[in-house]
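These are the residues of each chain, in order.
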Amino acid sequence: MDLLIFEKKTQAEMVCDHFSHRKSGQSIQIYPDKTYFPKGATAVWASGHLLALKEPGEYKDEWKKWSVEQLPMTPDVFKKKITKGKSKAYNNIKTHVQDDRFHRIINCGDFGVEGQLIVDEILMFAQNKKPVMRLWANSLGKQAIKKALKEMKPNEHYQSILNAATTREQIDWLIGMNSSRLVTTLVNIYAQKQGVLSKSSYTDTFSVGRVQTSLLKLIVDRDYVITHFKKQAFWDVLIDINLHGNSFQAKWKTDQHEHFFDKDEADMFSSFLKEPHTKGEVIDCTFSEERKEPPQLYNLTDLQRDADRYYQMSNKDTLACAQELYLKSYITYPRAEPRVVSTDEASMFPDILNAIEQHWSGFESHFPISEESVTNVQQNKRYVNDGGVDDHHAIIPTETIPKASDLSDDERRIYDLIIRRFISIYLPPLLKETVILKTVVDQQFPFTLKDTGIVDLGWKALYSKDTESFRQLDKEKLRLISNGDTFDIDDVLLKEGSTKPPARFSFGQLSTVMENAARYLEGPEKEKYANAELSLGTVATRANIIETLKAMNYIRVQKNKVYPTEKGKLLIQLLDGNWITEVYTTGRLEQALASIQEGQSSKENILKSIRKLIHKLVTDLPKQMTETWDINAQMIQSLEKKQTATSKSLGKCLKCETGNVVDKKTFYGCTNYHDTGCSFKISKEIAKKKITSSLVKQLLENKQTDLIEGFYSKKKDKNFSAVLKWNEQKQMIQFTFE
């Protein structure tokens, strides 16, 4: 009999629903099935990571103290422990793994790097000796799962993915634990030496990370350019001319310049142009047509970019909605990097199109899709390319179409974007036409008119926000113009403008910034990489990294624009010139991890390099503190924390799974807030009901409380009873009613 181990309960339920089954406590029994489970099967599940790397003090007693003298901390062998509060889930899986009834185990973790790690680390910790197969599908839909069950490979086939996952977490431990302690401790030493803080005080914790710190530097650098930008006024010279009875406006523009930065020069030039004898001549009038094909299918970063563009949704919210749609079998795996699908997946496209036409409204005018378009897409490597996929493919809808009323507003927006992108690949290209009219005045001064119009909207018709300003060229007027036509100048205009700094990053844009990190390189490194060849983080990790910066008070978001805080700017100032802030180094590390995942590099080499980098930082930064640090006293005082008695833990944090939840006077919160940015908190009053510490303990231990009476609904103006329950998928506490 087979034992299926899932990452989450919701995934286990979705897959088991495709077979005859019954639920039994902490497992699901699948009845014998001739094709897939001849002897039946049992499904069990984790709840995210059940294991974590041990804390420094669990390796050596001397590492419990935050001290520069104890750095660097580099364990010879990394060890794991059961996360507090997860013992019940772990023991349930272990009991089943060791049950002699099960002769084969199927790893059904999420179909990505973390999913591979979550199940594999449980099996290793439980000292499993049984053969393991790997279920790998891009969707939880019935057809995809049954197909994946037939095509399962031994779990060893995915060893390189596991190697990349374990290397990533060990690198992040080495960098995070050492760098965060180093910076925080040195700031306190500096403050004490400067007499800014008393011995009974300490500063806020500084969290430093492999990816988050280099991203923060990009944000701080952009802010510096903006705040130190000196606006410079300029003037454009425009002329109104008449050709064949039609009026046009052209602008002075040479190959090197198009603005006057001296007002007197602009005035003198304008005066000359107004003289009666000044004549102009057409020297060239050309038309060009541009075809813009429908964009490739979505990967996660591209989806997050559009969600920000159209709905101002954060990367985190976009990923959460996409994950929810995936768990309901409405879309394929969302943490995807490719923007194409395989030939095999494309064979399902006609069925998906038919399902959309039948069950999702709003696109009736674009159906039916012609047979020619269907064939063209199947043969177009822009969308269907076996060489462009990895273990996943682009995000597409499945043949399971939801009712719009069953989705939240944000889920509906994300689903609609995915549907639009999918339909768009079957529509004609966007056709633009551009005219460039080149003239010369007084046989020496070039003036140019450039205008663009739309010939055919094509796929752009799907996006109303993008089509509002589209117009067509008045080609009848333009085609009357010929080379050699002469004209008088009817009027001369001066248009004042000013130079502008680069725009601030929007909150939702940060994932795109991370994906194309090479764009922000400077110096000789910039020539080595295309924008996307050097990236920060992965599609699966970027949203959480961005949220960590916000939770750690390194950035603030105002009207969807990102600003570094004083604390964020200080951290980058303190680490200035060190490798930990550099996009180049962080991007190279990401490339090394990808190489391990592809089976081309060894884990040992990259860990050896990281240990050297950590040793260098621990050596260099104390010297820099002594020689170059110059921290404003007021800034240090703003980070001051008074020593208080340690609050008693009420239980393990349900969100980060490593911190403790304590009473923070006005609310209950996670002790990891200052170390990792964990934002888990519980209000002391919910819907007019006081939340006691005993209720919090119950919630943390059981992931839900008993039925609580006395909540008050302002909307309905009446009391109600409910259970407070932790939603693992949405990472939030919700009401449930029994």
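Just above, that's the structure.
Residues numbered from 1 in each chain as written. Predicted model: local features only at pLDDT ≥ 70, side-chain atom pairs only at ≥ 80, totals over all residues. Heavy atoms only, no water.

Draft legend 1. Main features of the overall build of the protein. Secondary structure assignment for the protein yields 23 helices and 28 strands. When the backbone C-alpha atoms are referred to their principal axes, the protein occupies close to 100 × 75 × 65 Å. Here the protein, with 738 residues, has 50% of them falling under the buried criterion. In the protein, the proportion of contacts linking residues at least 24 apart, taken out of those at least 6 apart, comes to 71%. Summed over its atoms, the accessible surface of the protein is roughly 36000 Å², and 47% of this surface lies on carbon and sulfur atoms. A gap of 9 Å separates the mean positions of the 105 positive and 99 negative side-chain charges of the protein. (Helix = DSSP H or I, 4+ residues; strand = E, 2+ residues; numbered from the N terminus. Buried < 20%, exposed > 50% of the residue type's maximum accessible area, 1.4 Å probe, protein only. Contact = heavy atoms within 4.5 Å. Areas by Shrake-Rupley, 256 points an atom, 1.4 Å probe, with all protein chains shown as cover. Lys, Arg positive; Asp, Glu negative; His and termini not counted. Charge placed at Lys NZ, Arg CZ, Asp CG, Glu CD.)

Draft legend 2. Representation of the sheet that holds strand β4 (residues 41–45). Taken in spatial order, the seven strands make up an open sheet running β2-β3-β4-β1-β7-β8-β9, and their pairing is mixed. What marks the edges here is a single partner per strand, and that holds for β2 (21–24) and β9 (153–154). By the bridge criterion, four bridges tie β2 to strand β3 (residues 27–30) in an arrangement that is antiparallel. Within the sheet, the bridge partner assigned to Ser24 lies in β3 and is Ser27. Along the sheet face, helix α3 (residues 113–125) touches β1 (2–6), β7 (104–108) and β8 (132–134) and points at about 150° away from the line of β7. (Pairing = 2+ DSSP bridges. Axes fitted to C-alpha atoms, helices over the stretch in contact; angles between N-to-C directions.)

Draft legend 3. Broad picture of the pairing of strand β22 (residues 667–670). Direction of pairing for strand β21 (residues 660–663) relative to β22: antiparallel, over a ladder of three bridges. Its bridge partner lying in β22, Val662 is registered against Gly669. Connecting β21 to the antiparallel partner β22 that follows it, the hairpin turn spans three residues, and Lys665 within it adopts a positive phi of roughly 75°. Of the strand pairs in this sheet, β22 and strand β23 (residues 681–683) are connected by three bridges, and their pairing is antiparallel. Along β23, the bridge assignment pairs Gly669 with Lys681.

Draft legend 4. Representation of unusual backbone geometry within the structure. The omega torsion across Leu71 and Pro72 is 0°, close enough to zero to call that bond cis. Mapped onto the fold, Pro72 is located in the loop between β5 (51–53) and β6 (80–82). Cis peptide bonds are those with omega within 30 degrees of zero, and the linkage from Phe367 to Pro368 qualifies with 0°. Summarising the element assignment, Pro368 is placed in the loop between α11 (349–359) and α12 (371–378). The backbone phi angle of Gln127 is positive, close to 55°, even though this residue is not glycine. Structurally, Gln127 is set in the loop between α3 and β8.

Draft legend 5. Examining the packing of aromatic side chains more closely. Applying the stated criterion to the full structure yields 29 aromatic pairs. Residues Phe234 and Phe261 carry aromatic rings whose centres are separated by 6.0 Å and whose planes lie at 65° to one another, so their mutual orientation is edge-to-face. Here Phe261 lies in the loop between β12 (246–252) and α7 (263–273) and Phe234 lies in strand β11 (residues 233–243), a separation of 27 residues in the sequence. Assessed through its relative accessible area of 11%, Phe234 is described here as buried. An angle of 85° between the planes, with centres 5.3 Å apart, marks the rings of Phe720 and Phe735 as edge-to-face. With Phe720 in strand β27 (residues 718–727) and Phe735 in strand β28 (residues 732–736), this pair connects stretches of sequence that are 15 residues apart. With relative accessibility at 32%, the residue Phe735 sits in the partly exposed group. Positioned above the aromatic ring of Phe206, the side-chain terminus of Lys567 is 5.5 Å from the ring centre. (Phe/Tyr/Trp six-rings, centres within 6.5 Å; stacked < 30°, edge-to-face > 60°. Lys NZ or Arg CZ within 6 Å of the ring centre and 35° of its normal.)

Draft legend 6. The packing of helix α8 (residues 300–311) against helix α9 (residues 315–327), seen in detail. Between α8 and α9, the least distance of the axes is 9 Å, while the angle of their chain directions is 115°. By crossing handedness, the relation of α8 to α9 is classed as right-handed. Contact with α8, carried on its side by Leu300, Leu303, Gln304 and Ala307, involves Asn315, Thr318, Leu319 and Ala322 of α9 and no other residues of that element. (Left-handed = near helix turned anticlockwise from the far one by under 90°.)

Draft legend 7. The environment of Trp726, seen in detail. Position of Trp726 relative to the elements: it lies in strand β27. You can call Trp726 buried: its relative accessible area is 6%. C-alpha separation for the pair Trp726 and Gln704, spaced 22 residues apart in sequence, amounts to 6.1 Å. Dropping the residues within four chain positions of it, Trp726 is found in contact with Leu654, Lys655, Phe680, Leu699, Lys703, Gln731, Met732 and Ile733.

Draft legend 8. Spotlight on the side chain of Thr166. With respect to the element layout, Thr166 can be found in helix α5 (residues 159–193). Aside from chain neighbours lying at most four places away, what touches Thr166 is Leu117 and Lys603.

Draft legend 9. Region of the structure containing helix α13 (residues 409–424). Taking 1.5 Å per residue as the helical rise, α13 with its 16 residues ought to reach 22 Å, and the 22 Å between its terminal C-alpha atoms agrees with that figure. Among the residues of α13, those classed as buried are Glu411, Ile414, Tyr415, Asp416, Leu417, Ile418, Ile419, Arg421, Phe422, Ile423 and Ser424. Residues of α13 that are buried sit in contact with α8, α9 and α11. (Expected span 1.5 Å × (residues − 1).)

Draft legend 10. How the structure looks around the sheet that holds β22. Strand order across the open sheet formed by four strands is β20-β21-β22-β23, with antiparallel pairing between neighbours. Of all the strands in the sheet, the pair left with one neighbour each is β20 (651–652) and β23.

Draft legend 11. Just the packing of helix α19 (residues 583–597) against helix α20 (residues 603–627), in detail. One can describe the packing of α19 onto α20 by two numbers: an axis separation of 10 Å at closest approach and a directional angle of 160°. Taken together, the axes of α19 and α20 are roughly antiparallel relative to one another. For the crossing formed where α19 meets α20, the hand is left-handed. Two secondary-structure elements touch here, α19 through Thr585, Leu589, Ala592, Leu593 and Ile596 and α20 through Lys603, Ile606, Ile610 and Leu613. Residues of the contact of α19 with α20, tallied by class, amount to seven nonpolar, one polar and one charged. (Parallel < 35°, antiparallel > 145°, perpendicular 65-115°, else oblique. Nonpolar A, V, L, I, M, F, W, Y, C, P; charged D, E, K, R; others polar.)

Draft legend 12. How the structure looks around the environment of Trp66. Tracing the backbone shows Trp66 in the loop between β5 and β6. The class of Trp66 is partly exposed, set by a relative accessible area of 35%. Sequence separation of Trp66 and Ser180 is 114 residues, and the distance between their C-alpha atoms is 9.9 Å.

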